[in-house]
Amino acid sequence: MFRCSSLVPVLFLMSTLAGAVTWQLPFESEGRQLFELERTLCPDDTAADPDGSSCSEGAESAPRQLFLHVSSACSSPVRVSLRASLPPAWRLHLHQPLSVTATISSPRVLFYEFSEGQSSVRLTLSSEADVCATISVQQYQCPIAQSLPEVSVVGLRMTMLRSSSVQLLRSDFPRGFYVVSLVRDTDQACGGDSEDGSDWLFEEVFKGREVVTRGEQRRKDLTVAVQPALSRTQYLVASVSTLVVFLSFYILFGVLVAAQRWPPFARVVAPRAVLASSPDTSAVERAEGRSEVAGQEPRRRLSDATFDSSDASDSDEEQVNDSVTTTTGPGHDERTQGGRGADTGPGPDGPQPAAAVTSEEQGPFGLPARLHLAALARRGGRTLRARSDRYLSMLYTVSVFYALPVIQFITAFQIILNVSGSLDICYYNFLCSHRAGALSDFNHVFSNLGYLLLGALFMLQVRRRRLARKRQPRHQEYGIPAHYGLLSSLGAGMMVVGVLSASYHVCPNGLNFQFDTAFMYVLAVLMMVKIYQSRHPDVNARAHATFGVLAVLIALVVWGVLGGGPVFYGLFTVIHVFTFLLLSLRIYYVGQFRLGDHDSLPSFRSLLVLPLTDPVTSHVLEKQSLAAATSELRRPRYVTRLVLLLIANALNWLLAIYGLLQHKRDFAGHMLQILLGNALVHLCCYLGMKLSHGERLRWYAWLLLAGAAAAWVPALYFFLSGSTDWSSPPALSRHRNHECSLLQFYDSHDLWHMLSAVALYLTFSVLLTWDDGLSAVKRTDIPVF
């Protein structure tokens, strides 16, 4: 026992053939003084060089012995007890788990030596005790690091509660490796609560650090196992199988394209469209021709003008008269209010401007009571193409400036992991994480291949449709306006999702999680924009405004991930609800309502107070009693649209309340839930409204829709059963690690990558084809919803 002050410790020097190690008693570990210590000494053969030669002549024949030197500056007598024994367990064998017990004062050391022809193994540790420990994997050399300060600078290390695993390569540990298990004094390092909840800073400054000299020894029972890692053949089989699955979509696409040359098949897939009389009869050129006939000079775009500024002009090329003309007979179009221009025809006294022959009740902001596509598709084809293509060009620009820093950042993370040896930096599924070259988690990177291949295939499909439409232009008064630029941006965004997701999985953690979700936000928003644009081409959001909103969303996500708390969630909830309310008003009034617009606000107030000076009100009062007129005018003009917006608002209210109550650190996931939930509501509402208005999908669109649903259901299941959780401490995240479930190579998150890529591709194909049945329907007969 010790009788002197702890300021005068007893020093021990242990020397063997392999080397010398020193330590002292009392030994301090994380604020606790230990008066008993156990250390495992180096085997004699660790004194050999890596090539197997002995470091000293006659080492093999020398007797195995050790020397112990004890010294102290304490003037009082000191009694020291020493016990030398063989370790209870030492050598690990393949497929033979070992059970050991470690304490704070007695770390456990095990050794594994690679067998002949073995290139890599997987080390797995498990425990039933929620006691925090640090696991260190070290080279087979002397000395063996057996304290926390020592293991932080050598080999690999990771914190552990219930399980931990790591793949080890023979190239990194040519002579084998040690597995050292150290029990921590508290569970804070593994995400547990501190045993002492006092203010440590106050005590450190004013009271000094308190050292615990007594207390029950913390112990941890562990089971250590070594399993063979996958062979190169298994790597090759899994990789080639994945590649074949996604390339089969290209083969199927090629077969379908070739099959369209067969007349019977072509008849069931060919679009039933009304073609233009000649390739040069686009709406813009007809408008320019009418201007020239009328003696007007066609408008020319200035060099400093943008498409948006020209689109907002009130020139005759873009705007149409409000008159209504009806013609009969073959070859004539029936034009209603909001059509593509007014025809002139001979009257009793010669040519007269066409006049409205019927009066139609108007809604707020001068909108017709029943909206049809012709009223919201007045812009010329060139203008719509320019607006749509701008989405693609802006996405290219944003993705390049976003992705390049991401790749640099992730590369730095991988280098830090390799140099520092801390396996707590990256949140892998260590039970199903396969190394390849410099990548610690090759399978989760490679499984993103589907986003790249299927995104490129979808862009190829859109390109093919665009070229076909260019070769055979369609009549501008029929069908849904094409938005190929916006559709192509969906495919390009899908490819960027693959690149960023692969980059994130190089080293997933809380600092770079937004890389994995940023362009998922883009896809969700672009899907909603595309769905809305189908029936509202003239009042849809511009590309710069859409990406500006996305920039604000990503900034909020970064704030929420790094510093999200009750104040942030409260502020975000207010912004979320208020923004969606304003968006609902713009959707309900077809883009005519603008907050702060002095021209729109009086009209909006008139809906609530029913002024008698309003022309519409006066018209109704001439025919009805005041009570009947009041009831009629206060009834919602667009009941179906109102019901859909109420459903969407209810969903967003629920999501906002859920986020406010949960306060999860994973704010990026919460934002993704909001955007994907709204995208799903948009898709279901659009499909439901099509069917309720008697519109039918072509048979191939139904097949694509069924395939998308069949892919989304298991994809979401695998997503929810994730194998890591970056918002938790690393030791707690390892609780979710699980074995590979497919080809011994892929886990549930890999399956999410592959199935969601297929689901996105099929969903985008649905957006591309679900309005094909309207190709021969006049826009004056296509409802807006």
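Residues numbered from 1 in each chain as written. Predicted model: local features only at pLDDT ≥ 70, side-chain atom pairs only at ≥ 80, totals over all residues. Heavy atoms only, no water.

The protein chain carries the name (African queen) hypothetical protein in an unreviewed UniProt entry, which gives Danaus chrysippus as its organism. Here is the UniProt Sequence similarities (unreviewed entry) comment for the protein chain, exactly as written: "Belongs to the SID1 family." (UniProt positions renumbered as here; feature names shortened; annotations may be inferred.)

S.K.: Hey, could you run me through a nonpolar patch on the surface in this one?
M.R.: Taken together, Val400, Phe401, Leu404, Ile407 and Val499 make up a surface patch of nonpolar side chains, about 470 Å² in accessible area. Broken down by element, the nonpolar patch gets its largest block of residues, four residues, from helix 7 (residues 381-420). Summarising the element assignment, phenylalanine 401 is placed in helix 7. Phenylalanine 401 gets classed as exposed once you look at its relative accessible area, which sits at 67%. (Patch = residues over 30% accessible without salt bridge, like charges linked within 9 Å, V, L, I, M, F, W, Y side chains within 5 Å. Areas by Shrake-Rupley, 256 points an atom, 1.4 Å probe, with all protein chains shown as cover. Salt bridge = Lys/Arg side-chain N within 4 Å of Asp/Glu carboxyl O. Helix = DSSP H or I, 4+ residues; strand = E, 2+ residues; numbered from the N terminus. Buried < 20%, exposed > 50% of the residue type's maximum accessible area, 1.4 Å probe, protein only.)

S.K.: I would appreciate a short explanation of unusual backbone geometry in the present structure.
M.R.: The bulk of non-glycine residues show a negative phi, and the bulk of peptide bonds are trans. The step from cysteine 142 to proline 143 runs through a cis peptide bond, and the omega angle for that step is 0°. For histidine 95, which is not glycine, the phi dihedral falls at a positive 65°. Within the secondary structure layout, histidine 95 lies in the loop between strand 5 (67-72) and strand 6 (98-103). The residue leucine 743 is not glycine, and still its phi comes out positive at about 55°. In this structure, leucine 743 sits in the loop between helix 20 (730-733) and helix 21 (748-769).

S.K.: Looking at this model, I keep getting lost on helix 11 (residues 513-535). Mind explaining?
M.R.: Three or four residues apart is the spacing at which side chains of an α-helix point the same way, because the helix has 3.6 residues per turn. Here helix 11 is 23 residues long and its end C-alpha atoms lie 36 Å apart, about the 33 Å a rise of 1.5 Å per residue gives. In terms of burial, helix 11 is a largely internal element, 23 of the 23 residues being buried. (Expected span 1.5 Å × (residues − 1).)

S.K.: Can you walk me through the pattern of salt bridges in this structure?
M.R.: When the charged atoms of two side chains with opposite charge come close together, those side chains can pair. For the structure on display, the rule yields 14 salt bridges. Its salt-bridge partner being arginine 162, residue glutamate 128 comes within 4.0 Å of it at the nearest N-O pair. Here glutamate 128, found in the loop between strand 8 (120-126) and strand 9 (133-139), pairs with arginine 162, found in the loop between strand 10 (156-160) and strand 11 (163-169); they are 34 residues apart in sequence, far enough to count as distant. Judged by its relative accessible area of 71%, glutamate 128 falls in the exposed class. Exposure remark for arginine 162: the relative accessible area of 31% places this residue in the partly exposed category.

S.K.: Any chance you could explain the pairing of strand 13 (residues 219-228) here in plain terms?
M.R.: Consecutive residues of a regular strand have side chains that alternate between opposite faces of the sheet. By the bridge criterion, six bridges tie strand 6 to strand 13 in an arrangement that is antiparallel. Its bridge partner lying in strand 13, threonine 101 is registered against aspartate 221. Judged from the six bridges that link them, strand 8 and strand 13 form a sheet pairing that is antiparallel. Along strand 13, the bridge assignment pairs serine 126 with threonine 223. (Pairing = 2+ DSSP bridges.)

S.K.: It is not clear to me how the packing of helix 12 (residues 543-563) against helix 13 (residues 566-588) should be interpreted in this structure. Could you clarify?
M.R.: Packed helices, taken two at a time, are described by their axes: the angle between them and the distance between them. Direction vectors running N to C along helix 12 and helix 13 enclose 155°, while the axes themselves pass 10 Å from each other. Relative to helix 13, helix 12 is oriented roughly antiparallel. For the pair helix 12 and helix 13, the sense of crossing is left-handed. When helix 12 is examined against helix 13, the residues Leu556, Trp559, Gly560 and Gly563 are found in contact with a partner set consisting of Phe568, Leu571 and Phe572. Considered class by class, the residues forming the contact of helix 12 with helix 13 number five nonpolar, two polar and no charged. (Axes fitted to C-alpha atoms, helices over the stretch in contact; angles between N-to-C directions. Parallel < 35°, antiparallel > 145°, perpendicular 65-115°, else oblique. Left-handed = near helix turned anticlockwise from the far one by under 90°. Contact = heavy atoms within 4.5 Å. Nonpolar A, V, L, I, M, F, W, Y, C, P; charged D, E, K, R; others polar.)

S.K.: How do you make sense of the packing of aromatic side chains when you look at a structure like this?
M.R.: Here the distance between the centres and the angle between the planes together describe a pair of aromatic rings. Scanning the model with the defined rule gives 34 aromatic pairs in all. A centroid spacing of 5.6 Å and a plane angle of 85° characterise the contact between tyrosine 569 and phenylalanine 667, whose relative ring orientation is edge-to-face. Placement of the pair is tyrosine 569 in helix 13 and phenylalanine 667 in helix 18 (residues 667-692), with a sequence separation of 98 residues. Judged by relative accessible area, which is 2%, tyrosine 569 ranks as buried. Among the aromatic residues, ring-to-ring pairing joins Tyr235, Phe442, Phe446, Phe745 and Tyr746 into one connected group. (Phe/Tyr/Trp six-rings, centres within 6.5 Å; stacked < 30°, edge-to-face > 60°.)

S.K.: I keep staring at the nonpolar core and nothing clicks. Help me out?
M.R.: Counting residues in each nonpolar core, the largest one holds 99 residues, and the members touching the most others are Leu454, Met494, Phe519, Tyr521, Phe764 and Trp770. One finds Phe12, Met14, Phe413 and Leu417 within the second-largest nonpolar core, a separate group that totals 41 residues. (Core = buried A, V, L, I, M, F, W, Y, C linked by side-chain atoms within 4.5 Å.)

S.K.: Would you mind showing me how to read the state of the cysteines here?
M.R.: Put plainly, a disulfide is one covalent bond tying together the sulfur atoms of two cysteines. Inspection of the entire model under this criterion finds four disulfides. Paired through a disulfide, cysteine 42 and cysteine 142 show a sulfur-sulfur distance of 2.2 Å. On the sign convention where negative means left-handed, the S-S torsion of about 85° between cysteine 42 and cysteine 142 marks this disulfide as right-handed. Of this pair, cysteine 42 sits in the loop between strand 4 (32-34) and strand 5 while cysteine 142 sits in the loop between strand 9 and helix 1 (148-151), and the two are 100 residues apart along the sequence. Residue classification places cysteine 42 among the buried positions, given a relative accessible area of 9%. For the protein chain, numbering the cysteines in disulfides from first to last along the sequence yields the connectivity 1-3, 2-4, 5-7, 6-8. The thiol of cysteine 684 is not disulfide-bonded; the next cysteine sulfur, from cysteine 685, is found 7.0 Å away. (Disulfide = S-S within 2.5 Å.)

S.K.: Honestly, the sheet that holds strand 1 (residues 10-15) in this entry has me stumped. Any pointers?
M.R.: By way of backbone hydrogen bonds, the strands of a sheet pair with one another, either parallel or antiparallel. The sheet built from three strands is open, its strands ordered 2-1-5 with antiparallel pairing. In this open sheet, the two strands that pair with only one neighbour each are strand 2 (20-25) and strand 5. Averaged over all neighbouring strand pairs, the angle between strand axes comes to 20°, with direction disregarded. Pairing of strand 1 with strand 5 involves six bridges; the strand directions are antiparallel. Pairing of methionine 14 across the sheet is with leucine 68, part of strand 5.

S.K.: Explain the sheet that holds strand 11 here, please?
M.R.: Pairing is antiparallel across the open sheet formed by four strands, whose spatial order is 6-13-8-11. Only two strands of the sheet have a single neighbouring strand rather than two, namely strand 6 and strand 11. Recorded for the sheet is a direction-independent mean angle of 25° between the axes of neighbouring strands.

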